[in-house]
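# Architecture and fold: a report
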Amino acid sequence: MSAPFASPVTDRLPAFPWDKLAPYKKTAAEHPDGIVDLSVGTPVDPVPDLIQKALIAAADSPGYPTVWGTPELRDAITGWLGRRLGARDLTHHHVLPVVGSKELVAWLPTQLGLGPGDRVAYPRLAYPTYEVGARLARADHEAYDDPTELDPAGLRLLWLNSPSNPTGRVLSKAELTRIVAWARAHGVLLLSDECYLELGWEADPVSVLHPDVNGGSYDGIVAVHSLSKRSNLAGYRAAFIAGDPAVLGPLLEIRKHGGMMTSAPTQAAVVAALGDDEHVRLQRDRYAARRTALRDALLSHGFRIEHSEASLYLWATRDESCWDTVAHLAARGILVAPGDFYGPAGARFVRVALTATDERVAAAVARL
């Protein structure tokens, strides 16, 4: 007898990759001094006090929040984009809060009305949710090395990711300018995932919202930003997009119908977070110290590290199958992400996250 209901949507999706890591996690957890989990980029440090206080102060929020966010939130977003990224002439119509950036990435092709015959492109090594978003919309998808070498026919959505997850690679201002010009020339909507932009170590990442990149126009471009990493707000689901009002306006209407709204306390917390740069500096310093310790330990252990000039990861290889490297480190109680989670081109690399406590990072360094 057939099941009474089975979702056809799941048939469009790849197997959830993290399930494959479970046996290695079990091995690592058996280490006498416990596991050092460097596989997932989830923040471990406390939410800054001023943000917690803003959340608590807004806790008595019995009414529905608005999808577009409070005017104070939109002011905070446009102010931060101008102050930190150099964006100019932004209005409230240039910004839109979203419920964490992963939700946006996964559902954007569907909300844009993409479907069979439309194409979505993303980097050769990339966050898997770009592909998932295309699959959910039943759109075609492909990976690229240089987006300007793509066939623009039917290409509706082009994802950039700088700084990159997983590699930490940063696109230069000249590269961004060239890609924006190409996308505009071919009528391709460009989405730039800039969630790690405040975490540049050996490079100073630039946004597509910068006038040197976009020529002072936001036509055809949208940037994605998140507070998960910079402010330790992964648990708050706090992110936003900024750019072309002709794209954001219809998205706002669709998201109103879908009830895709950031909670009122979270909106208040984001206002506080975007108004304070000091907590970001302190968190950067923590990650910089962990990065130096882990990088030196991996290099001395025989690893080679490529790119990794920004973001919260080290893209490392021992010139062997990524799963052999995962097993090698799991035997030492260290769990990392296999590079093939991010595409076949990562088959000989692992992604090592900087998101562990100082104590756990020190333990990993000692074991290496």
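Whatever comes next refers back to the structure up there.
Residues numbered from 1 in each chain as written. Predicted model: local features only at pLDDT ≥ 70, side-chain atom pairs only at ≥ 80, totals over all residues. Heavy atoms only, no water.

## A word on unusual backbone geometry
Backbone torsion omega between Ser-162 and Pro-163 reads -5°, so that peptide bond is classified as cis. Pro-166 follows Asn-165 through a cis peptide bond whose omega is 25°. Here Pro-166 lies in the loop between strand E5 (155-161) and helix H6 (173-185). Even without being a glycine, Asp-89 presents a positive backbone phi close to 55°. (Helix = DSSP H or I, 4+ residues; strand = E, 2+ residues; numbered from the N terminus.)

## Comments concerning the sheet that holds strand E10 (residues 313-317)
Strands sit in the order E9-E10-E13-E12 across an open sheet of four strands; the sheet is antiparallel. Only two strands of the sheet have a single partner each, and these edge strands are strand E9 (304-306) and strand E12 (337-338). Taken together, the four bridges between E10 and strand E13 (residues 350-353) define a ladder with antiparallel strand orientation. Residue pairing in the sheet places Leu-314 in a bridge with Val-352 of E13. Running over the sheet, helix H10 (residues 278-300) touches E9, E10 and E13 and is turned about 5° from E10. (Pairing = 2+ DSSP bridges. Contact = heavy atoms within 4.5 Å. Axes fitted to C-alpha atoms, helices over the stretch in contact; angles between N-to-C directions.)

## Considering the pairing of strand E4 (residues 140-144)
Taken together, the five bridges between strand E3 (residues 119-123) and E4 define a ladder with parallel strand orientation. Among the inter-strand pairings, Val-120 is bridged to a residue of E4, identified as His-141. With respect to chirality, the unit in which E3 leads through helix H5 (residues 129-136) into the neighbouring parallel E4 is right-handed. (Right-handed = clockwise from strand over helix to strand, strands pointing away.)

## So, the packing of H10 against helix H12 (residues 358-367)
Packing of H10 against H12 leaves a shortest axis separation of 9 Å and a crossing angle of 15°. The angle between H10 and H12 falls in the class roughly parallel. H12 is crossed by H10, and the crossing has left-handed handedness. From H10, Arg-290, Ala-293, Leu-294 and Ala-297 reach across to H12, where they touch Asp-358, Val-361, Ala-364 and Val-365. Residues belonging to the contact of H10 with H12 are distributed by class as follows: six nonpolar, no polar and two charged. (Parallel < 35°, antiparallel > 145°, perpendicular 65-115°, else oblique. Left-handed = near helix turned anticlockwise from the far one by under 90°. Nonpolar A, V, L, I, M, F, W, Y, C, P; charged D, E, K, R; others polar.)

## Here's the deal with the sheet that holds E5
Hydrogen bonds between backbone atoms are what pair the strands of a sheet, whose relative direction is either parallel or antiparallel. In spatial order, the strands read E2-E8-E7-E6-E5-E3-E4; together these seven strands make up an open sheet with mixed pairing. Looking at strand neighbours, the two that pair on one side only are strand E2 (95-98) and E4, the edges of this open sheet. When the angles between neighbouring strand axes are averaged without regard to direction, this sheet yields 20°. Sheet topology note: the E2/strand E8 (residues 239-243) ladder contains four bridges and is antiparallel. Pairing of Leu-96 across the sheet is with Ile-241, part of E8. Where helix H8 (residues 245-258) meets the sheet, its contacts fall on E2, strand E6 (189-193), strand E7 (221-226) and E8, and the angle it forms with E2 comes to roughly 40°.

## Let's talk about the pattern of salt bridges
Close approach of charged atoms lets side chains of opposite charge pair. Under the criterion given, the structure shown has 25 salt bridges. Here Asp-33 and Arg-367 are joined by a salt bridge, their closest N and O atoms 3.2 Å apart. A residue pair is termed long-range when its members are at least 10 positions apart, and Asp-33 in the loop between helix H1 (22-29) and strand E1 (36-37) and Arg-367 in helix H12 qualify at 334 residues. When its relative accessible area of 15% is taken as the criterion, Arg-367 is described as buried. With a shortest N-O distance of 3.0 Å, Lys-173 and Asp-212 are connected by a salt bridge. Of this pair, Lys-173 sits in helix H6 while Asp-212 sits in helix H7 (residues 211-214), and the two are 39 residues apart along the sequence. Residue class for Lys-173 comes out partly exposed when judged on its relative accessible area of 35%. Shared partners join several salt bridges into a network, and the residues in it are Asp-33, Glu-359, Arg-360 and Arg-367. (Salt bridge = Lys/Arg side-chain N within 4 Å of Asp/Glu carboxyl O. Buried < 20%, exposed > 50% of the residue type's maximum accessible area, 1.4 Å probe, protein only.)

## A word on the environment of Ser-311
Locating Ser-311 in the fold gives a position in the loop between E9 and E10. On the basis of relative accessible area, Ser-311 is assigned to the buried category, the value being 1%. Once the C-alpha coordinates of Ser-311 and Cys-195 are considered, the two residues, 116 residues apart in sequence, prove to be 8.7 Å apart. Not counting chain neighbours up to four residues away, the residues in contact with Ser-311 comprise Pro-163, Ser-164, Gly-168, Tyr-196, Leu-199, Trp-201 and Leu-354.

## Considerations on the nonpolar core
Across soluble globular proteins, nonpolar side chains show a tendency to be buried alongside one another. One finds Leu-38, Trp-159 and Ile-241 to be the most contacted residues of the largest nonpolar core, which totals 67 residues. Broken down by element, the residue count for this core peaks at five residues, all from helix H11 (residues 322-330). Setting aside its immediate chain neighbours within four residues, Leu-38 contacts Leu-294, Ile-334, Leu-335, Val-336, Arg-351, Val-352, Ala-353, Ala-356 and Ala-364. Counting residues in each nonpolar core, the second largest holds 43 residues, with Trp-182, Ala-223, Tyr-236 and Ala-269 among its members. (Core = buried A, V, L, I, M, F, W, Y, C linked by side-chain atoms within 4.5 Å.)

## Remarks on the pairing of E3
Of all five residues in E3, five are buried; the element is thus mostly enclosed. Two strands pair when backbone bridges link them, and E3 and E5 are joined in this way by three bridges, in the parallel orientation. Opposite Ala-121, over in E5, you have Leu-158 as the bridge partner.

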